[in-house]
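Analysis of the macromolecular model
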Amino acid sequence: MNFSFASSENRKAFSENRLLWILLSIFSFFLTYTFFATNNQTNWFLENILTVITLAVLIITYKNRKLSDMSYLLIFLFLCLHVYGSKYTYVEHPLGYWIQDLFHTQRNHYDRIVHFSFGFLLAYPMREIFMNLVHLSKRMSLILPVEVTLSLSVIYELIEWIVADVIFEAGSAAFVGSQGDIWDAQKDMFLATFGAFLAILLIIAAGKAFLKEKH
């Protein structure tokens, strides 16, 4: 099985989807812009290592592991939210400060938005992978996105701790973004898992509504 994006078949398959080229072009521009516009390029690099890896995997595996346009759009939205956060660092994000002033909260909540969006926006693509590519049952494809979201959130928090405490101790405050909350990691994991759970509920509700209309 050939996963090379350099192959003519993969390039042809990718080029035939106009929406993907538009999304990829916008995201590539946005990624480049945030890198040069950020005041903390070291933090930007640490935040976006996984972003670049994810993007590369999606491109390389496109021909043989193709997802729906809806899934690619949801992935695009999440990656944009994440990259937008890395431009300012999650702790000092302007949108988070605006929300903080609006609701009179004690911290910048932009990181909470992104963690929730991780589960909420990526549950549908994960379900599609489990159901259409891995060929699991409909029931399992609804359960696993929530479980995988929780597992990935735990892994990310562990990676965050290792990077901040061992590799990049000098800039750990900006990278971790706990803002003095000792339960920050647990709240992040909960929000991501809750986002996935809510998305699955919406998928189930939409499926039932479709069946009622069909009959």
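Each remark here, short or long, concerns the structure printed above.
Okay, so let's go over this structure. Here the structure is a predicted model, which means the values were calculated and not measured. (Residues numbered from 1 in each chain as written. Predicted model: local features only at pLDDT ≥ 70, side-chain atom pairs only at ≥ 80, totals over all residues. Heavy atoms only, no water.)

1. A word on the packing of aromatic side chains
Enumeration over the complete set of coordinates arrives at 10 aromatic pairs. Relative to Phe120, the ring of Phe116 lies with its centre 5.5 Å away and its plane at 15°, an arrangement referred to as stacked. In this pair, Phe116 and Phe120 both sit in helix H6 (residues 110-133), 4 residues apart, roughly one turn of the helix. Look at Phe116 and you get partly exposed, because its relative accessible area is 24%. Given the relative accessible area of 29%, Phe120 is considered partly exposed. Ring-pair connections join several aromatic residues into one group, and the members of that group are Phe30, Tyr84, Tyr88 and Tyr110. (Phe/Tyr/Trp six-rings, centres within 6.5 Å; stacked < 30°, edge-to-face > 60°. Helix = DSSP H or I, 4+ residues; strand = E, 2+ residues; numbered from the N terminus. Buried < 20%, exposed > 50% of the residue type's maximum accessible area, 1.4 Å probe, protein only.)

2. Quick word on the packing of helix H2 (residues 18-37) against helix H4 (residues 69-88)
Remark: H2 packs on H4, axes separated minimally by 10 Å, with the N-to-C direction vectors making an angle of 5°. In terms of orientation, H2 lies roughly parallel with respect to H4. Along the contact surface, H2 presents Leu19, Leu20, Leu23, Ile26, Phe27, Phe30, Leu31, Tyr33, Thr34 and Ala37, while H4 presents Asp69, Tyr72, Leu73, Phe76, Leu79, Cys80, Val83, Tyr84 and Lys87. For the contact of H2 with H4, the residue count by class is 16 nonpolar, 1 polar and 2 charged. (Axes fitted to C-alpha atoms, helices over the stretch in contact; angles between N-to-C directions. Parallel < 35°, antiparallel > 145°, perpendicular 65-115°, else oblique. Contact = heavy atoms within 4.5 Å. Nonpolar A, V, L, I, M, F, W, Y, C, P; charged D, E, K, R; others polar.)

3. Focus on the packing of H4 against H6
Close contact between H4 and H6 brings their axes to 9 Å; oriented N to C, the two are set at 160°. In this view, H4 runs roughly antiparallel relative to H6, as classed from their interaxial angle. At the point where H4 passes H6, the crossing takes the left-handed sense. Of H6, the residues touching H4 (which contributes Met70, Ser71, Leu74, Ile75, Leu77, Phe78, Leu81, His82, Tyr84 and Gly85) are Tyr110, Val114, Ser117, Phe118, Leu121, Leu122, Tyr124, Pro125 and Glu128. Residue composition of the contact of H4 with H6, by class: 14 nonpolar, 4 polar and 1 charged. (Left-handed = near helix turned anticlockwise from the far one by under 90°.)

4. Details of unusual backbone geometry
Look at His135: it is not a glycine, yet its phi comes out positive at around 60°. Within the secondary structure, His135 sits in the loop between H6 and helix H7 (138-167). Judged by its relative accessible area of 62%, His135 is exposed.

5. A short note on a nonpolar patch on the surface
Residues Phe45, Ile49, Leu50, Ile53, Val57, Leu152, Ile155 and Ile159 make up a contiguous nonpolar surface patch of roughly 680 Å² in combined accessible area. Looking at the nonpolar patch, the elements that each hand over two or more residues are helix H3 (41-60) and H7. Among the elements that take part in the nonpolar patch, H3 stands out by supplying 5 residues, more than any other. Its place among the elements puts Ile53 in helix H3. For Ile53, a relative accessible area of 46% corresponds to the partly exposed category. (Patch = residues over 30% accessible without salt bridge, like charges linked within 9 Å, V, L, I, M, F, W, Y side chains within 5 Å. Areas by Shrake-Rupley, 256 points an atom, 1.4 Å probe, with all protein chains shown as cover. Salt bridge = Lys/Arg side-chain N within 4 Å of Asp/Glu carboxyl O.)

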